[in-house]
Amino acid sequence: MTESPPAARSGPVLEIRDLTVSLPKGADRPFAIEGVSFTVARGEIVCVVGESGSGKSVTAFTVMGLVPRRELRPVRGEVRLLGRSILGLPEAELRRLRGERMAMIFQEPMTALNPVMRVGEQIAEVLEIHTDLGPRERRERVLAVMRDVRLPEPERLYHAYPHQLSGGQRQRVMIAMALVLDPALLIADEPTTALDVTTQAQILELIRDLQRRRGTGVMFITHDFGVVAEIADRVVVMQEGRVVEVGPAEEVLHRPRHPYTRMLIGAVPSLVPPERRGEDGPRERALLVRGLDKVYGRSGWFARGRVVHAAKSVTLTLHRGETLGLVGESGSGKTTVARCILRLVEASSGEILIDGVDLAKLRASALRPHRRHIQIVFQDPYRSLNPRRTVGQSIIEGPMNFGVPRAEALRRARELMRVVGLAPEALERYPHQFSGGQRQRICIARALAMEPKVLVADEPVSALDVSVQAQVLELLDEVRRRFGLAMLFITHDLRVAAQICHRVMVMWQGEVVEEGPTARVFRDPNHPYTQRLMAAAPGRGRLLHDRIGG
Amino acid sequence: MARDRDLALEAADAGGEEAARPEPSLWRLVLANRAVFWGGLLLVVMVAVALVGPAFTGDPMAINPIQRLKPPSAAFPFGTDFLGRDLLARVVYGARISLAVGLAVAVIAISVGLVLGMIAGYVRALDAVVMRVMDGLMAIPGILLAIALISLSGATLLTVIVAIVIPEIPRVVRLVRSVVLTVREEPYVEAAIAAGTRLPWILIRHVLPNTVAPLIVQASYISGSAMLTESILGFLGAGIPPEIPSWGNIMSEGRTYFQLSPWIIFFPGVALALTVLAVNTVGDGLRDTLDPRIARKM
């Protein structure tokens, strides 16, 4: 752009000074962000870190001019892109800057891409809008950028639709779209959160590499300190709309000054499993699963589906008072195994033995009395509780199914609320009045109300902020010990698995590829897939507490 | 731990982080929608007219050959028809028929559709069978079915209602089934299954409440279109017995005199249009406030 002053060439790509954005009336605080100041230099990756509600996304969207101005109004401060103030620019002007000077990639590449348009054409569209290149030159540029983001066979993928690509490939297409005009600033809003760890590692490496080669300034928004350790040059820590700490990555990660930063980093579970003493010895078997198979999709009268072998001959033993981790990426079959064990779906074959009874063989009516022995805590705390029923009703539903009188069930529910760290009075309230972590506590209380032998926890902390995550993990471990529960803990997060599991089983494409005590598997993974998984864990070896005892 | 417990108590007092769900004051929320308010007001007026109007307007059947085909005047605000009957009285009485048909069709279609939809959505074995029958029903043109039914069993109010209900049922079944299919995958339903809750209770406690909002919306559309269909049937001479002054029947009779006395068709037509408009406006407004997919965006 000709009007950008020469000073901008040497100055920072992005300069945010005292930026304050107001929230609409009736919100829980007057400002979404308040007095936010930081810069992004050429060729620098600045990670903006914070938990949900910290204002990190609002900051990014304000810079891009993508916030609804009526609801989120910038009331103070300044945003300079290449030295030029962009906060009050008219929409047409902003639209030109977006794409040419600054671009953004999002968390969910599937929704950010147009599902009915070929990906090559979507990238070409950016060129069509912003340049006067001819069709052939456009195509060349698109293929070049597709090669640049290392999409395999760009010639072929040019004509593919988004749904034909993997999650990682879709994110690469998004990055290609963002970078095709060579913008000075790239804003990445949690671009790897929806991806598997191994894919995440590749995308992070790609961003790092592209940014180095092109000298792009990157504002990288994340909640994950592992990712920060992986990629950041500088770190901006945000809490409740304010910047609480800014500094070079090394400095912030290893010598955090602000207590909130310290808490956030401390809450990231270490990859080094803690030593577990005094919990060994012969234990009573709680659950035995033998040869569990699940095949999805079978043709019926009116439908013919594709067949997916989601679980292949899975065998596992779970002892009282033990936590067994089922680790794997999406599509590995770990959740299928859990759902089969609970008989939420019917296993194709195999045995599920509790107290010598094979649950897999029981008919629905015969199964019901045995259901109480296995309970589950789900991933999504917002969908785990019926929004139209009070917490109390949800908790006593199970016991009352088994003939416990209402008063007795309520008395026990009050007790359990205390166990999970909530006020008994909360039983009268509805789920929407609680935060995610609190809801997860309620779900744990609901499961405990059944006095189960086995607790299946299906990614119970994946949807929670790290600080809350640590507390919920602590609670799960506490109730396991207190009630002698056998816990089947399903997770994609190696850090979480390392902290809470006594043994882990690694699943890949429906099969258990490795099994053993947590400490052994983490120290000395045998299977190539496990090794790849371990190597991909974000922040491995860069976060201080990963080194301790390592 | 202790800190989180304090936070828990605090948030429970403050009402939590996002209290945006329309749980407690559904009524107030719904009435705050302008479409619902004005549509509802118009509908209330129509219902009031239908209920108490005939008491003031005199006999809709009284024939007066001296006053045939009179244009609107002080004595006959809507004019008279070819038998000298007071059109105002007939249109007011006709409101009863239209609204009764609209209400009855909506209630029957929703009730039957709800049961079938729940079964189709929850009992996998019956799903395909029920849905193929519904596909079959949807392939039958409503008006033709009505004419066929009426020619078989005679023109009564009941036959007309049944004839209009049948093609509406598949739409309700599809709607309910889709809600059930979504809700049955919700973790809270699975938690209830894992806690040994029996199927009827799962349906009543966890599934049914989720169908209420979309069904209310659907019901308003069904009653609107039922009133139209009833009038079309009357107009075609295939509806309610011609001696009963439904709006369709009045218009049908007025057809012959249309060029001479347009008011015979005009007034029942306006009444019908207003009523259907009111019902559909309420339906649109309800959809905006009750449908979570739209409401969340606003």
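Our subject is the structure listed above.
Reading the values: rules and limits
- Residues numbered from 1 in each chain as written.
- Chains lettered and ligands numbered in written order.
- Predicted model: local features only at pLDDT ≥ 70, side-chain atom pairs only at ≥ 80, totals over all residues.
- Heavy atoms only, no water.
- Helix = DSSP H or I, 4+ residues; strand = E, 2+ residues; numbered from the N terminus.
- Buried < 20%, exposed > 50% of the residue type's maximum accessible area, 1.4 Å probe, protein only.
- Contact = heavy atoms within 4.5 Å.
- Areas by Shrake-Rupley, 256 points an atom, 1.4 Å probe, with all protein chains shown as cover.
- Polar contact = N/O pair within 3.5 Å; in protein donor to acceptor, adjacent residues only side chain to side chain.
- Salt bridge = Lys/Arg side-chain N within 4 Å of Asp/Glu carboxyl O.
- Patch = residues over 30% accessible without salt bridge, like charges linked within 9 Å, V, L, I, M, F, W, Y side chains within 5 Å.
- Phe/Tyr/Trp six-rings, centres within 6.5 Å; stacked < 30°, edge-to-face > 60°.
- Lys NZ or Arg CZ within 6 Å of the ring centre and 35° of its normal.
- Pairing = 2+ DSSP bridges.
- Axes fitted to C-alpha atoms, helices over the stretch in contact; angles between N-to-C directions.
- Core = buried A, V, L, I, M, F, W, Y, C linked by side-chain atoms within 4.5 Å.

1. Brief notes about the overall build of chain B
Secondary structure assignment for chain B yields twelve helices and zero strands. When the helices and strands of chain B are placed in sequence order, the string is α-α-α-α-α-α-α-α-α-α-α-α. Among the 298 residues that make up chain B, the fraction classed as buried is 46%. Here the analysis covers contacts within chain B between residues at least 6 apart in sequence; of these, 71% occur between residues at least 24 apart.

2. Notes on the overall build of chain A
In terms of regular secondary structure, chain A is built from 22 helices and 20 strands. The principal-axis extents of the C-alpha atoms in chain A amount to approximately 80 × 50 × 50 Å. Counting only residues that meet the buried cut, chain A has 56% of its 550 residues in that class. Just so you have it, chain A exposes about 23,300 Å², and 49% of that area is on carbon and sulfur atoms.

3. Digging into the environment of S37 of chain A
Residues and elements named next belong to chain A. As for its placement among the helices and strands, S37 is situated in strand β2 (residues 31-40). With relative accessibility at 32%, the residue S37 sits in the partly exposed group. Taking the C-alpha atoms as reference, S37 lies 41 Å from F489; in sequence the two are 452 residues apart. Beyond its immediate sequence surroundings of up to four residues, S37 is in contact with I16, R17, D18 and V243. A polar atom in the side chain of S37 sits 2.7 Å from the backbone nitrogen of D18.

4. A look at the pattern of salt bridges
Residues and elements named next belong to chain A. Per the counting criterion, the structure on display carries 43 salt bridges over all chains. Two residues, R98 and E91, come together in a salt bridge whose shortest N-O distance is 2.8 Å. For D358, the salt bridge goes to K361, with nearest N and O atoms at 2.9 Å. For K361, a relative accessible area of 58% puts it in the exposed group. Where salt bridges share partners, they join D148, R150, D182, D209, R213 and R214 into one cluster.

5. Regarding a nonpolar patch on the surface
All names here are of chain B. On the surface, W27, L31, F37, W38 and L41 cluster together into a nonpolar patch covering about 610 Å² of accessible area. Taken together, the elements giving at least two residues each to the nonpolar patch come down to α2 (26-32) and α3 (34-57). You can see L41 is positioned in helix α3.

6. As for the packing of aromatic side chains
Residue and element names in this part refer to chain B. Tallying each qualifying case throughout the model produces four aromatic pairs over all chains. Geometrically, the ring pair formed by F266 and F267 is edge-to-face, given 5.2 Å between the ring centres and 80° between the ring planes. Note on F267: relative accessible area 18%, which makes it buried. Above the plane of the ring of Y122 lies R184, whose end atom (NZ or CZ) is 4.5 Å from the centre.

7. Structural notes on the side chain of T336 of chain A
All names here are of chain A. Relative to the elements of secondary structure, T336 occurs in helix α13 (residues 334-341). The class of T336 is buried, set by a relative accessible area of 11%. In this structure T336 touches K294, Y296, A310 and A311, once residues within four positions along its chain are discounted.

8. A short note on the environment of L165 of chain A
All names here are of chain A. Considering the arrangement of structural elements, one finds L165 in the loop between α7 (154-157) and α8 (167-179). Between the C-alpha atom of L165 and that of V119, which follows or precedes it by 46 residues, the distance is 9.5 Å. Excluding residues that lie within four positions of it along the chain, L165 makes contacts with V119, L157, A160, R170 and V173.

9. Side note on the sheet that holds strand β12 (residues 308-319) of chain A
Residues and elements named next belong to chain A. Read from one edge to the other, the open sheet built from four strands follows the order β12-β11-β14-β15, with strand pairing classed as antiparallel. The strands lining the two open edges of the sheet, one partner per strand, are β12 and β15 (357-358). Together, β11 (285-296), β12 and β14 (349-354) form the strand contacts of α13, whose direction differs from that of β11 by roughly 115°.

10. Remarks on the nonpolar core
All names here are of chain A. L287, V337, V454 and V456 are the most contacted members of the largest nonpolar core, which has 75 residues in total. Setting aside its immediate chain neighbours within four residues, V454 contacts A286, L287, L318, I354, H373, I374, Q375 and A486. A124, L143, A176 and L210 belong to the second-largest nonpolar core, a separate cluster that totals 57 residues.

11. Points about the sheet that holds strand β10 (residues 242-248) of chain A
All names here are of chain A. Here six strands make up an open sheet; going across it, the order is β6-β7-β8-β3-β9-β10 and the pairing mixed. Two strands in the sheet have a free side with no partner beyond their single neighbour: β6 (102-105) and β10. Between one strand axis and the next, the sheet turns by 15° as a mean value, whatever way the strands run. Examined bridge by bridge, strand β7 (residues 185-189) and strand β8 (residues 217-222) share five bridges and lie parallel to one another. Bridging across to β8, D189 finds its partner in I221. Against the sheet, helix α12 (residues 259-267) makes contact with β9 (234-239) and β10, and its axis sits at roughly 105° relative to β9, the strand it touches most.

12. Notes on the pairing of strand β1 (residues 14-22) of chain A
All names here are of chain A. As judged from the seven bridges shared by β1 and strand β4 (residues 73-81), these two strands associate in the antiparallel manner. Residue pairing in the sheet places I16 in a bridge with V79 of β4. Across six bridges, the pairing between β1 and β2 is antiparallel. Along β2, the bridge assignment pairs V21 with I33.

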